[in-house]
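Chain and residue survey
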Amino acid sequence: MSAPVDTPAIAGSSLREFLHGLPGVDQVGAEARAAMLASRSIKTTAKQWALDTAISMIDLTTLEGQDTPGKVRAMCAKAKRPDPADPTAPQVAAVCVYPDLAHLAAAEVKGTGIHVASVATAFPSGRTSLQVKLADASYAVEAGADEVDMVIDRGAFLAGDYQLVYDEIAAVREVVAGAAHLKVILETGELVTLDNVRRASWLAMLAGADFIKTSTGKVTPAATLPVTLVMLEAVRDFRVTRSRQVGVKPAGGIRTAKDAIRYLVLVNETAGEDWLDPDWFRFGASSLLNDLLMQRTKLVTGHYSGPDYFTLD
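Owing to the predicted nature of the structure, the values given are computational and were not obtained by experimental measurement. (Residues numbered from 1 in each chain as written. Predicted model: local features only at pLDDT ≥ 70, side-chain atom pairs only at ≥ 80, totals over all residues. Heavy atoms only, no water.)

1. Thoughts on the sheet that holds strand β1 (residues 58–61)
Here is the rule we go by: One bridge is not enough; two strands pair if DSSP finds at least two bridges between them. Labels follow the DSSP assignment, with helices taken as runs of H or I lasting at least four residues and strands as runs of E lasting at least two, numbered in each case from the N terminus. Here, axes are lines fitted to C-alpha atoms. For helices the fit covers the stretch in contact, and angles between N-to-C directions go from 0 to 180 degrees. Contacts are assigned to residue pairs that have any heavy atoms within 4.5 Å of one another.
Reading across the sheet, the eight strands line up as β7-β6-β5-β4-β3-β2-β1-β8 and stay open at both edges, with parallel pairing between neighbours. Both edges of this open sheet fall to β7 (247–249) and β8 (283–285), since each of them pairs with a single strand only. Within the sheet, the average angular offset between the axes of one strand and its neighbour, ignoring direction, is 25 degrees. Summarising the sheet, strand β4 (residues 147–151) and strand β5 (residues 181–185) pair through five bridges and their orientation is parallel. Following the sheet pairing, valine 148 is matched in β5 by leucine 182. Contacting β1 and β2 (94–97), helix α4 (residues 69–80) crosses the sheet at an angle of about 160 degrees to β2.

Dropping the structure here:
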């Protein structure tokens, strides 16, 4: 699954020099550009395309201590047929669960093309030994996950121990390579500055990430447009300089169709249309799907079906 990484390793002081040599982020400028792009309106045919595209990009997620096999089965059924009354509604990109439920999700979506993503490496804190993190990632893959969402050690990153973060990502990648894509969660709400978001994005990509992901969904703020803008700039520039394309996944707090469409505009205007594909852009969400389905039904029928028309997430 994972593409080979042809990026040479950068070690020690060289890694620090590289990351701190990246151009600084103009926070005011990033926020202004994100707000400007968010103000664009999309109508009629383009809106229909945007709604269907957003649905096809969702990683339908349940990551709660109270998750049960029944809840996972129901989520997988919805992932395969989001609107039972309308077979033209696209299926979602993936379902995302804890590792102990990955085998169940894999059985439910087998043969559909829907991916099984599983969080690993002591999600959501990442505070455990590398040995445990690698075992966690290995367990997820053995259970049937073909995408692994790992969390970085934010404490190490904020302390400036970039080499430790790099080495852990590279080690997890080695465990999942050939079996699963690696999505690296930066937890941008804890990184404090957009400069740190840019550095963490590059660090994850250099270490072999197939996707960079904003958040666990357990920390506020989660995904924001300015943060995602910086990450999209990073993957765009990384492809130019390193000849490897990396995906982006905003997660947490994206709940409405209007929000999703704003992100699609941001993708198109920042990274380009090559990223407007579930292979390269995902939404980590649960409640978002219902609003997309409501807006889709409104376009087709001329009236809203109401939130209780669709199953609750």
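Structure shown, so let's carry the discussion forward.
2. As for the state of the cysteines
How we decide: In this description, a disulfide is simply a cysteine sulfur pair whose atoms lie within 2.5 Å.
Considering all chains together, one arrives at zero disulfides under this definition. Cysteine 76 carries a free sulfur, and the closest cysteine sulfur to it, the one in cysteine 96, is 11 Å from it.

3. Some details on the pattern of salt bridges
Pairing of side chains with opposite charge becomes possible as their charged atoms draw close. In plain terms, the rule: A pair is scored as a salt bridge if a Lys or Arg side-chain nitrogen falls within 4 Å of a carboxyl oxygen belonging to Asp or Glu. Buried, partly exposed and exposed residues are distinguished by accessible area as a fraction of the type maximum, computed with a 1.4 Å probe on protein chains only: under 20%, between the cut-offs, and over 50%, respectively.
On inspection of all chains with the given rule, the structure shows 21 salt bridges. Across the pair arginine 40 and glutamate 269 runs a salt bridge whose closest N-O atoms are separated by 3.2 Å. Placement of the pair is arginine 40 in the loop between α2 (27–38) and α3 (44–56) and glutamate 269 in helix α11 (residues 257–270), with a sequence separation of 229 residues. The partly exposed category is assigned to arginine 40, whose relative accessible area is 41%. Several salt bridges converge on common partners, so that one network encompasses Asp59, Glu147, Asp149, Lys183, Lys213, Lys249 and Arg282.

4. Points about the packing of aromatic side chains
What describes a pair of aromatic rings is the distance from one ring centre to the other and the angle between the planes of the rings. The condition is simple: Stacked, edge-to-face and tilted are the three classes for Phe, Tyr and Trp ring pairs, Trp counted by its six-membered ring, which pair at centre distances within 6.5 Å; planes under 30 degrees apart are stacked, over 60 edge-to-face, the rest tilted.
Inspection of every chain in the model, using the stated rule, returns six aromatic pairs. Aromatic side chains tryptophan 202 and phenylalanine 238 sit 5.4 Å apart centroid to centroid with 70 degrees between the ring planes, which places their arrangement in the edge-to-face category. Taken as a pair, tryptophan 202 in helix α9 (residues 194–206) and phenylalanine 238 in helix α10 (residues 225–242) lie far apart in primary sequence, 36 residues in all. Each member of the pair, tryptophan 202 together with phenylalanine 238, is buried. Taking the centre distance of 5.3 Å and the plane angle of 90 degrees together, the rings of phenylalanine 281 and phenylalanine 283 count as edge-to-face. Take phenylalanine 281 and phenylalanine 283: they sit in the same class, and that class is buried. Grouping aromatic residues by their ring pairs yields a cluster made of Phe18, Trp202 and Phe238.

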